[in-house]
Amino acid sequence: MKAVTTPPPSPTVDVVLPCLDEADALPWVLERIPAGWRALVVDNGSTDGSADLARALGATVVHEPRRGFGAACHAGLTAAGADIVCFCDCDASLDPSLLVPFVREVHDGAADLVLGRRRPHGRGAWPVHARAGNIALALMLRRRTGLRLHDLGPLRAARREALLGLRLTDRRSGYPLQMVVRAADAGWRIAEHDVPYLPRTGASKVTGTWRGTWQAVRDMRRVLAEPPATQGRTTPSAQGGTPR
């Protein structure tokens, strides 16, 4: 009689790490993934061996050939198998172990989406032009949704099925903002907590220059111009997740 093999259970938490030439930062980032969680390194066309290094360090590697921060994030979300999915930059500017209380908050039903408010630690951690762009976006977000958030940083946690239900379409710099806007439109409870923001390893792909920063702001302005559209989107509780 043929033995029936039971597949291993899905990991409790998946951490999506969009990656483009981050070989120098990967060891620091991956060693800080909490025990029992799975690191999903989404390689977005690296040429420095990031994918091979991530695999050697025990991460699951997802390849996304279409360039763009949103494209990498969404590829990771799609590939995830855990109930709760987190996002974190892969440049050593943010410590993924800080996601533990975020996940607990989502799991316990205290919030549907938890965001990290970046607090710079160390000289050069957050260039002035990047801060200026972030402040402008936070004000525009407040006018659009009423949310009194201070940051649109990449460190965040939510339930996977609920995130997929938001039907995110941006595949560039506007992806993190679109997630927040559509979550607000759908009535999600969104929490924000301070996290230390460290000088990144290597050059920024988005906010390293004034030009890059304002190109990102332009992408995000397009997201803010989208009309509210909650039809077909549900809250995490409606999808069998967080109780309301």
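Undergrad: Looking at this structure, how should I read the overall build of the protein?
TA: Tallying secondary structure elements over the protein gives 8 helices and 7 strands in all. Residue burial in the protein is summarised as follows: out of 244 residues, 53% are buried. Of the roughly 11400 Å² of accessible surface on the protein, 54% is carried by carbon and sulfur atoms.

Undergrad: It is not clear to me how the pairing of strand β1 (residues 13-19) should be interpreted in this structure. Could you clarify?
TA: Sheet faces and side chains relate simply in a regular strand, where the side chains alternate between the two faces. Across the 7 residues that make up β1, a large majority, 7, are buried. A two-sided burial pattern is seen for β1, the buried positions comprising Val-13, Val-15, Leu-17 and Cys-19 on one face and Asp-14, Val-16 and Pro-18 on the other. Examined bridge by bridge, β1 and strand β4 (residues 84-87) share 4 bridges and lie parallel to one another. Following the sheet pairing, Val-16 is matched in β4 by Phe-87.

Undergrad: Could you clarify how one ought to interpret the side chain of Arg-160 in this entry?
TA: In this structure, Arg-160 sits in helix α6 (residues 160-165). Within the structure, the side chain of Arg-160 is placed 3.0 Å from the backbone oxygen of Thr-78, a separation counted as a polar contact.

Undergrad: What exactly am I supposed to notice about the packing of aromatic side chains here?
TA: For any pair of aromatic rings, geometry is given as the distance between the ring centres together with the angle between the planes. Per the counting criterion, the structure on display carries 0 aromatic pairs. A cation sits over an aromatic face here: Arg-118 above Tyr-197, 5.1 Å from the ring centre.

Undergrad: What exactly am I supposed to notice about the sheet that holds strand β6 (residues 156-159) here?
TA: The pairing of strands in a sheet comes from backbone hydrogen bonds and takes either a parallel or an antiparallel form. Taking strand neighbours across the sheet as the criterion, the 7 strands line up as β3-β2-β1-β4-β6-β5-β7 in an open arrangement whose pairing is mixed. The open sheet has two edge strands, β3 (60-63) and β7 (190-197), and neither has a second partner. Pairs of neighbouring strands in the sheet enclose a mean axial angle of 25 degrees, with direction left out of account. With respect to the sheet, helix α3 (residues 69-79) is in contact with β1, β2 (38-43), β3 and β4, its orientation differing from that of β1 by roughly 155 degrees. Sheet contacts for helix α4 (residues 100-107): β1, β4, β5 (113-120), β6 and β7; angle to β6, the most-contacted strand, approximately 25 degrees.

Undergrad: What should I look at first to understand helix α7 (residues 175-185) in this one?
TA: It helps to recall that an α-helix has 3.6 residues per turn; residues three or four apart then point in one direction. When you tally the buried positions in α7, you get 10 out of 11 residues, the bulk of the element. With its phi angle positive at about 85 degrees, Gly-187 sits one or two positions after the end of α7.

Undergrad: Honestly, α4 in this entry has me stumped. Any pointers?
TA: Three or more residues of α4 are buried, namely Phe-102, Val-103, Glu-105 and Val-106. In an axial view of α4, the angular spread of the buried residues amounts to 160 degrees, which keeps them on one side of the axis. The inward-facing, buried residues of α4 abut β1, β4, β5, β6 and β7. One or two positions beyond α4, positive phi appears at Gly-109, with a value near 85 degrees.

Undergrad: Looking at this model, I keep getting lost on the state of the cysteines. Mind explaining?
TA: In protein structure, a disulfide is the covalent linkage between the sulfur atoms of two cysteines. Evaluation of the coordinates by the stated rule reveals 0 disulfides. No disulfide involves Cys-88; its sulfur sits 7.8 Å from that of Cys-90, the nearest cysteine. For Cys-90, a relative accessible area of 2% translates into the label buried.

Undergrad: Looking at this model, I keep getting lost on the side chain of Asn-44. Mind explaining?
TA: For Asn-44, the position within the fold is in the loop between β2 and α2 (50-56). When its relative accessible area of 5% is taken as the criterion, Asn-44 is described as buried. There is a polar contact of 2.8 Å between the side chain of Asn-44 and the backbone oxygen of Glu-64. Of the polar contacts made by the side chain of Asn-44, one reaches the backbone nitrogen of Gly-68; its length is 3.1 Å. Not counting residues within four places of it along the chain, the set of residues in contact with Asn-44 comprises Cys-19, Leu-20, Glu-64, Arg-66, Arg-67, Gly-68 and Ala-72.

How each quantity is defined
Residues numbered from 1 in each chain as written. Predicted model: local features only at pLDDT ≥ 70, side-chain atom pairs only at ≥ 80, totals over all residues. Heavy atoms only, no water. Helix = DSSP H or I, 4+ residues; strand = E, 2+ residues; numbered from the N terminus. Buried < 20%, exposed > 50% of the residue type's maximum accessible area, 1.4 Å probe, protein only. Areas by Shrake-Rupley, 256 points an atom, 1.4 Å probe, with all protein chains shown as cover. Pairing = 2+ DSSP bridges. Polar contact = N/O pair within 3.5 Å; in protein donor to acceptor, adjacent residues only side chain to side chain. Phe/Tyr/Trp six-rings, centres within 6.5 Å; stacked < 30°, edge-to-face > 60°. Lys NZ or Arg CZ within 6 Å of the ring centre and 35° of its normal. Axes fitted to C-alpha atoms, helices over the stretch in contact; angles between N-to-C directions. Contact = heavy atoms within 4.5 Å. Arc of directions from axis to C-beta. Disulfide = S-S within 2.5 Å.

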